[in-house]
Amino acid sequence: MEKSQEITAYVLCGGKSVRMQAEKGLVLYRGKPFIRWIIEAIMPITSNIILVTSNGDYSLVGLPMIEDSYEDKGPVGGIYTALKHSKTVRNLILSCDIPKITTELLRNLCDESEEIEASVTFLCDAKNDYPLIGVYNKSALQTFADAISSNKLKLCPLVNMISHQKICINSDQKSLVQNINSKAELQSLNLLDL
Ligand SMILES: Nc1nc2c(ncn2[C@@H]2O[C@H](COP(=O)(O)OP(=O)(O)OP(=O)(O)O)[C@@H](O)[C@H]2O)c(=O)[nH]1
């Protein structure tokens, strides 16, 4: 594989999980922790997968883990940590709360990002952006450093301010990118699957 095609995947597993009241990535969906569903979706694309977390409970996953460079800076801080750590130009960055994500969607995102000269390429639908299903260029590191310095920690406005490309999913794919933040959302997901 050529160097330009190399990609590192980072899964953000930090934060407080206030709404879920349990470590989100370790919550079970159809008998398996969210994080495992996500890793299985990434594996056919790259085995270079790193978790961004200081929570030792994720050691059961058996993947390398790195700690946030700054505490309590939310996903913006997690992305900063990932980009600072990364040795590759392109970095697939995902949240840990999207258990229905598929290899097909991620592969399409990664393939599209190769064709595009943008700091970040991420999924969207007609109503929402999904910047936590995105490919981030290492060159975006300074933007994230500046955002942390000025305490601008909202991710959507930040990615919309820098050079970006959105890859729109169709209405059938919407359920695949749904992030699950609470027990109620998990329950409705399980019910939908019945
Ligand atoms: N590494 C890292 N990841 C984070 C941090 N905050 C949130 N995340 C991750 O970012 C993704 C989206 O998180 P949010 O839903 O915004 O926040 P959360 O803390 O998980 O949940 P709430 O407390 O309910 O808002 C999830 O994958 C989180 O694990 C952080 O400070 N560091």
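Starting from 1, residues in each chain are numbered consecutively following that chain's sequence as written. Residue-level local features of this predicted model are given only where pLDDT is at least 70; pairs of side-chain atoms are given and counted only at 80 or more, and the full residue set underlies all totals for whole chains, interfaces and linings.

With an unreviewed UniProt entry as reference, the protein is termed Probable molybdenum cofactor guanylyltransferase, source organism Algoriphagus aquimarinus. UniProt lists a comment for the protein under the heading Subcellular location (unreviewed entry), and it reads "Cytoplasm". In its Sequence similarities (unreviewed entry) section, the UniProt record describing the protein reads: "Belongs to the MobA family." UniProt positions are given in the numbering used here, feature names are shortened, and annotations may be inferred rather than shown by experiment.

Participant: Looking at this structure, I do not really get the overall build of the protein. What am I missing?
Facilitator: Secondary structure elements follow DSSP: runs of H or I of four or more residues count as helices, runs of E of two or more count as strands, with numbering from the N terminus. A tally of regular secondary structure across the protein gives six helices and nine strands. Taking 194 residues into account, the globule formula puts the C-alpha radius of gyration at 16 Å, and the protein, at 16 Å, falls close to it. For the C-alpha atoms alone, the extent of the protein along its principal axes is close to 40 × 35 × 35 Å. For the protein, the residues scored as buried account for 37% of the 194 residues in total. Taken over C-alpha atoms, the radius of gyration is set against a globule rule of 2.2 Å times the number of residues to the power 0.38. Residues with at least 20 other C-beta atoms within 10 Å of their own are called buried, those with 12 or fewer are called exposed, and the rest are partly exposed. The C-beta atoms themselves are positioned from the backbone.

Participant: Would you take a moment to explain the UniProt feature "binding site: Mg(2+)" (unreviewed entry) in the protein for this structure?
Facilitator: In the numbering adopted here, UniProt assigns the feature "binding site: Mg(2+)" (unreviewed entry) to Asp97. Excluding residues that lie within four positions of it along the chain, Asp97 makes contacts with Lys24, Phe34, Asn179, Ile180 and Asn181. We call two residues in contact if the C-beta atoms placed from their backbones are at most 7 Å apart.

Participant: Explain the site of the ligand to me, please; I cannot follow it from the model alone.
Facilitator: Nearness here is judged by the C-beta atom: place it from the backbone, and if it falls within 6 Å of a molecule or strand, the residue counts as near that partner. Taken together, 23 residues form the shell around the ligand, and within it Gly14, Gly15, Val18, Gly78 and Ser95 come nearest. The element best represented in the shell around the ligand is helix 2 (residues 74-85), accounting for four residues. Under the scheme applied, nonpolar residues are Ala, Val, Leu, Ile, Met, Phe, Trp, Tyr, Cys and Pro; charged residues are Asp, Glu, Lys and Arg; polar residues are all the others, including Gly. Across the shell around the ligand, the residue classes tally to seven nonpolar, nine polar and seven charged.

Participant: Mind showing me how you'd approach the UniProt feature "binding site: GTP" (unreviewed entry) in the protein here?
Facilitator: The UniProt record marks Leu12, Cys13, Gly14, Lys24, Asp68 and Asp97 with the feature "binding site: GTP" (unreviewed entry), using the residue numbering of this structure. As for its placement among the helices and strands, Gly14 is situated in the loop between strand 1 (7-12) and strand 2 (28-29). Exposure remark for Gly14: the 24 C-beta atoms within 10 Å place this residue in the buried category. Beyond its immediate chain neighbours, meaning those up to four positions away, Gly14 contacts Val52, Thr53, Ser54, Asp68 and Gly78. In this structure, Asp97 sits in the loop between strand 6 (90-95) and helix 3 (103-115). Take Asp97: there are 27 C-beta atoms within 10 Å of it, and that puts it in the buried class.

Participant: Any chance you could explain the pairing of strand 6 here in plain terms?
Facilitator: Across a regular strand the side chains alternate sides, sitting on one face of the sheet and then on the other. Counting buried residues in strand 6 gives five out of six residues, a clear majority hidden from the surface. One requirement defines pairing of two strands: DSSP has to find at least two bridges between them. Where strand 6 lies against strand 8 (residues 129-137), five bridges are found, and the strand directions are antiparallel. What sits directly across from Ile93, in strand 8, is Gly134.

Participant: It is not clear to me how the nonpolar core should be interpreted in this structure. Could you clarify?
Facilitator: Across soluble globular proteins, nonpolar side chains show a tendency to be buried alongside one another. Val11, Ile35, Ile38, Ile93 and Ile133 are the most contacted members of the largest nonpolar core, which totals 44 residues. The biggest single contributor to this core is helix 1 (residues 34-42), with six residues. Excluding its chain neighbours within four sequence positions, the residues that come into contact with Ile133 are Leu94, Ile98, Ile101, Leu109, Phe122, Leu123 and Val177. The term nonpolar core refers to a group of buried residues, namely Ala, Val, Leu, Ile, Met, Phe, Trp, Tyr and Cys, whose C-beta atoms join them within 7 Å.

Participant: Just checking my understanding: could you explain helix 4 (residues 141-149) for this structure?
Facilitator: Inspection of helix 4 places Thr143, Phe144 and Ala147 among the buried residues, and these make up the whole buried set. When helix 4 is viewed along its axis, its buried side chains cluster within an angular range of 95° and face the same direction. Across helix 4 from its buried face, at more than 90 degrees, point the exposed residues Gln142, Asp146 and Ser149. Among the residues trailing helix 4, Asn151 stands out with phi positive, at a value near 55°. Summarising the geometry, the arc corresponds to the directions from the helix axis toward the C-beta atoms.

Participant: So what exactly am I meant to see when it comes to the sheet that holds strand 8 here?
Facilitator: Backbone hydrogen bonds hold the strands of a sheet together, and the pairing may be parallel or antiparallel. Here seven strands make up an open sheet; going across it, the order is 5-4-1-6-8-7-9 and the pairing mixed. The open sheet terminates on both sides in strands that have one partner only, identified here as strand 5 (65-66) and strand 9 (164-168). Sheet topology note: the strand 4 (residues 49-52)/strand 5 ladder contains two bridges and is parallel. Bridge pairing in strand 5 places Val52 opposite Ile66. Only the stretch in contact is used when fitting a helix axis, every axis being a line fitted to C-alpha atoms; angles between N-to-C directions are given from 0 to 180 degrees. Helix 2 rests against strand 1, strand 4, strand 5, strand 6 and strand 8 of the sheet, and its axis sits at about 150° to strand 6.

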